[in-house]
Amino acid sequence: MSAPTPRSARLAQSPAVLREGRWWLVADAGSVPVADPAFTTVLDGFAEAVAAADRAVADLRARPSEPSASSTRGRR
């Protein structure tokens, strides 16, 4: 079972924000909904890729650290 998704989440460091299943472009002056289906498809794909990368990094950080080959070179 996956973790619950937040009701609102910014996509990386972009102005794109997913609010309750709908993409918005947000700026200091206000926000506008993204109405172009092709653009929302790209945003969905990018959001999935960012989430997968975040999971991969978290998995790597959770592994016990192993000495690198260079740090054990010369030791017997």
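One structure accompanies this document, and this report is about it. None of these values were measured; they are calculated from a predicted model. Each chain has its residues counted from 1, running along the sequence as written. Only residues with pLDDT of at least 70 get local features here, since the model is predicted, and only at 80 or more are side-chain atom pairs given and counted; chain-wide, interface and lining totals rely on the full set of residues. Each side-chain value is derived from all of the structure's non-hydrogen atoms; neither hydrogens nor water enter the calculation.

Taken together, the side chains of L25, V32, F39 and V42 define a hydrophobic patch exposed on the protein surface, amounting to about 320 Å² of accessible area. Strands are runs of DSSP state E lasting at least 2 residues, helices are runs of H or I lasting at least 4, and numbering of each runs from the N terminus. The topology assignment puts F39 in helix α1 (residues 37-62). Overall, F39 belongs to the partly exposed group, its relative accessible area being 34%. Only residues above 30% relative accessible area that lack a salt bridge enter a patch, with like-charged residues linked at up to 9 Å and the nonpolar side chains Val, Leu, Ile, Met, Phe, Trp and Tyr linked at up to 5 Å. Computed with the Shrake-Rupley method and a 1.4 Å probe, the accessible areas treat only the protein chains shown as cover for residues. Salt-bridge detection follows one rule: a side-chain nitrogen of Lys or Arg within 4 Å of a carboxyl oxygen of Asp or Glu. Any residue under 20% of the maximum accessible area for its type is buried, any over 50% is exposed, and the rest in between are partly exposed; the area is computed with a 1.4 Å probe on protein chains only.

Note on strand geometry: in a regular strand, side chains alternate between the two faces of the sheet. Only strands joined by at least two bridges in the DSSP assignment are considered to pair. Note that strand β2 (residues 16-19) and strand β3 (residues 22-27) share 4 bridges and pair antiparallel. From the neighbouring strand, R19 faces β3, where its bridge partner is R22. Between the antiparallel neighbours β2 and β3 lie 2 residues, among them E20 with a positive phi of about 50 degrees. Following β3, the chain reverses through 2 residues before pairing antiparallel with strand β4 (residues 30-33).

With antiparallel pairing, 4 strands are arranged side by side in an open sheet as β1-β2-β3-β4. Bordering the open sheet on either side are β1 (8-10) and β4, each of which pairs with just one other strand. Recorded for the sheet is a direction-independent mean angle of 30 degrees between the axes of neighbouring strands. Here β1 runs beside β2; their pairing, made up of 3 bridges, is antiparallel. Bridging from a neighbouring strand, A9 pairs with L18 of β2. Across the sheet, α1 touches β2 and β3, and the angle it forms with β3 is around 90 degrees. A fitted line through C-alpha atoms serves as each axis, taken over the contacting stretch for helices, and the angle formed by two N-to-C directions is quoted from 0 to 180°. We call two residues in contact when some of their heavy atoms are within 4.5 Å.

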